[in-house]
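Close look at the chain arrangement
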Amino acid sequence: MLGGFFGAFADVLVQPVQEALDDDDLEVRTVAALALPALLLAPSHWPDLTQNFGEQLLGADNLLLMLIVFPLLKACHELGHGLALQRYQCDTHEVGVSF
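What you see is a predicted model; the values in this text were computed from it and never measured.

1. As for the overall build of the protein chain
Helices and strands together make up the secondary structure of the protein chain, namely five helices and zero strands. Starting at the N terminus and walking to the C terminus, you meet the elements of the protein chain as α-α-α-α-α. A buried classification covers 6% of the 99 residues belonging to the protein chain. Of the roughly 8800 Å² of accessible surface on the protein chain, 68% is carried by carbon and sulfur atoms.

Here's what the structure looks like:
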């Protein structure tokens, strides 16, 4: 193990990951298994991910794609909230979607 400040910092980062992977809940393990490789690979590809970011983001083809994908992604996100409420047997008395 690392000592000093970096050891404490590493422990703060590693402990939640270990707890997530050891969790009996399938959803937590699935998210951890999918998110961890992406988080570990992102720094090695950072220049490719950020090169010409403004031009890529505001390109006509990308804006059209965002116009189509964003509402679908937003609906899936809100459905996730609803499923979490249902799973933990919570009540909700109003529903709203905003863009």
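Now that the structure has been shown, we can carry on.
2. Points about the pattern of salt bridges
On inspection of all chains with the given rule, the structure shows one salt bridge. Of the charged contacts in the structure, one is a salt bridge between glutamate 78 and lysine 74, with a shortest N-O distance of 3.7 Å. One end of the pair is glutamate 78 and the other is lysine 74, both in helix 5 (residues 60-87) and four residues apart, which spans about a single turn. The partly exposed category is assigned to glutamate 78, whose relative accessible area is 27%.

3. A few points about the environment of glutamate 19
Relative to the assigned elements, glutamate 19 resides in helix 1 (residues 4-22). Assessed through its relative accessible area of 48%, glutamate 19 is described here as partly exposed.

4. Describing the environment of tyrosine 88
Relative to the helices and strands, tyrosine 88 is located in the segment after helix 5. Polar contacts involving the side chain of tyrosine 88 include one to the side chain of arginine 87, which spans 3.5 Å.

5. Focus on a nonpolar patch on the surface
The grouping of Leu64, Leu65, Leu67, Ile68, Val69, Leu72 and Leu73 at the surface amounts to a nonpolar patch, some 710 Å² of accessible area in total. Counting through the fold element by element, valine 69 comes out in helix 5. For valine 69, a relative accessible area of 40% gives the class partly exposed.

6. Remarks on helix 5
Because each turn of an α-helix spans 3.6 residues, side chains separated by three or four positions end up pointing in the same direction. Helix length check: helix 5, at 28 residues, gives a terminal C-alpha distance of 40 Å against a target of 40 Å (1.5 Å per residue), a fit within 8%. Taking the largest bend as the criterion, helix 5 deviates by roughly 30°, centred on valine 69, and proline proline 71 comes between one and four positions later. One or two steps after helix 5, the chain reaches glutamine 89, where phi turns positive at roughly 55°.

7. Side note on unusual backbone geometry
Non-glycine residue asparagine 52 carries a positive phi angle of around 55°. Looking at the secondary structure, you find asparagine 52 in the loop between helix 3 (46-50) and helix 4 (53-57).

Thresholds applied
- Per chain, the residues get numbers from 1 upward, laid out in the order the sequence is written.
- Given that this is a predicted model, residues contribute local features only at a pLDDT of at least 70 and side-chain atom pairs are listed and counted only at 80 or more, while totals for whole chains, interfaces and linings are drawn from all residues.
- Hydrogens and waters are ignored; side-chain quantities use all the structure's heavy atoms.
- Per the convention used, a helix needs a DSSP run of H or I reaching at least four residues, while a strand needs a run of E reaching at least two, with both numbered from the N terminus.
- Buried residues are those whose accessible area, probed at 1.4 Å on protein chains only, stays under 20% of the maximum for their type, while exposed residues exceed 50% and partly exposed ones sit between those limits.
- To measure how exposed things are, a 1.4 Å probe is used in the Shrake-Rupley method; for residues, cover is taken only from the protein chains shown.
- One speaks of a salt bridge when a side-chain nitrogen belonging to Lys or Arg is within 4 Å of a carboxyl oxygen belonging to Asp or Glu.
- Here a polar contact means two N or O atoms within 3.5 Å. Within protein one must be a hydrogen donor candidate and the other an acceptor candidate, and residues neighboring in sequence count only if both atoms are side-chain atoms.
- Residues with no salt bridge and a relative accessible area higher than 30% make up the patches, which join like charges within 9 Å and nonpolar side chains (Val, Leu, Ile, Met, Phe, Trp, Tyr) within 5 Å.
- Multiplying 1.5 Å by the helix residue count minus one yields the expected span of that helix.
- Bend, at a single residue, is the angle you get between axes fitted to the 7 residues ending at that residue and the 7 residues starting at it.

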